Amino acid sequence: FLLFGFSLLYIEYGSFLFESIARMSFSSDSIISLFGFSFVFITLLFKLGSFPFHQWLCDVYEGSFVTVTAFFSVAPKAIIFAIFIKLLYVFFFDFLYFSNLMIIFSGFLSISFASVTALYQKRVKRLLAYSAISHTGFILVALACNSLDAIKTAVIYISIYILMTISVFSVLFILFNNNKMPKFLINWASISKHNLMLALSFACILFSVAGIPPLSGFFSKLFVLGSLFFDGYLVLPALIAIFSSIGCFYYLRLIKMFFFSDQNKTIIWTGNTSGRVEVFTSVLILFITFFFFNPDPLVDIGLLTSLSLA
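Counting through the fold element by element, F53 comes out in the loop between α3 (31-48) and α4 (55-63). Sequence separation between F53 and T43 is ten residues; the distance between their C-alpha atoms is 8.9 Å. With near-sequence residues (within four places) excluded, F53 lies in contact with I42, L45 and F46.

Now the structure itself:
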């Protein structure tokens, strides 16, 4: 799809240089360029794992090692979103109305589909995969506002999402180091009785991922909903808030297993690790917990990044 889209754009503009395409696209409304843009756009949505191109994500999450899953859930996604923003707001600005429809469609359905489908998951990695699909949807709908503030909101959300994702996988690394990686949700039951600090730390991270105030995950979603509201969208933020509330259930269900379930007989202990992962996780949890006291540095970074992308 990507190669075919670039081929169509070359047929229309006679160049592979983004600067040349950006200059000529303002005077072109050819159906060939529209199809070329659509194929490139679909490819990026596929690589981001958004609806309806998400089918591969869950299986890849489930079938990969924890280290590999952690890597491609963080690094490629940030890079692809940077390319996505650059293409959308600079080189294909002429197709912004058409792209907005695709972004809203893909973003909203990513949130709603992932929030509902994740309720039926019993494996940890598949749950994280649907969580990633939902967060991708939030970033996409933030970009539908067509403003510098929208890019800033998306950059802030991506930054907080990356830190929360690293926090989740750092907890998994603690267990993976001892070859006790729990694959099913039921394996996490009653871990508070064996390792209370691990249970409390992971619960704090999951509360943030779910968007519970006053943690950083709440503010990232609040920024997105605020951008949509001030841009004139009224129904869309309300629907997103409803499905996001539904999505909180599968995080709360896992936290409930930590403290109130006795179905697990496996002892999870982390006393044999070097301690570096635990220190790193503690720093990330401090950021997640105390973000609301001083969010200005990250907001300033988001503004500078948005200026460089736009």
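Moving on from the model shown.
Here we come to the packing of helix α6 (residues 75-91) against helix α8 (residues 124-142). The interhelical angle for the contact between α6 and α8, taken along N-to-C directions, is 25 degrees, at an axis separation of 12 Å. Relative to α8, α6 is oriented roughly parallel. Of the two elements, α6 crosses α8, and the hand of that crossing is right-handed. Facing K77, F81 and F84 of α6, the residues of α8 in contact are A132, T136, I139 and L140. Looking at the contact of α6 with α8, its residues break down into five nonpolar, one polar and one charged.

Right, let's talk about the pattern of salt bridges for a bit. One pass over the structure, following the stated rule, counts three salt bridges. R126 is the partner of D59 in a salt bridge, and the nearest nitrogen-oxygen pair spans 3.3 Å. Of the two residues, D59 is situated in helix α4 and R126 in helix α8; the sequence distance between them amounts to 67 residues. Measuring nitrogen to oxygen at the nearest pair gives 3.4 Å for the salt bridge that ties K152 to D149. Separated by three residues within a single helix, K152 and D149 lie in helix α9 (residues 148-176), roughly one turn from each other. A relative accessible area of 38% means that D149 is categorised as partly exposed.

For the rest of this paragraph, the subject is the packing of aromatic side chains. In this structure the tally under the stated criterion is 19 aromatic pairs. Each ring, one from F51 and one from F113, has its centre 5.4 Å from the other, and the planes form 45 degrees; the classification is tilted. Residue F51 is located in the loop between α3 and α4, and its partner F113 is located in helix α7 (residues 96-117); the two are separated by 62 residues in the primary sequence. For F51, a relative accessible area of 18% puts it in the buried group. Accessibility expressed as a relative area gives 28% for F113, which makes it partly exposed.

Cut-offs and rules
Residues numbered from 1 in each chain as written. Predicted model: local features only at pLDDT ≥ 70, side-chain atom pairs only at ≥ 80, totals over all residues. Heavy atoms only, no water. Helix = DSSP H or I, 4+ residues; strand = E, 2+ residues; numbered from the N terminus. Contact = heavy atoms within 4.5 Å. Axes fitted to C-alpha atoms, helices over the stretch in contact; angles between N-to-C directions. Parallel < 35°, antiparallel > 145°, perpendicular 65-115°, else oblique. Left-handed = near helix turned anticlockwise from the far one by under 90°. Nonpolar A, V, L, I, M, F, W, Y, C, P; charged D, E, K, R; others polar. Salt bridge = Lys/Arg side-chain N within 4 Å of Asp/Glu carboxyl O. Buried < 20%, exposed > 50% of the residue type's maximum accessible area, 1.4 Å probe, protein only. Phe/Tyr/Trp six-rings, centres within 6.5 Å; stacked < 30°, edge-to-face > 60°.

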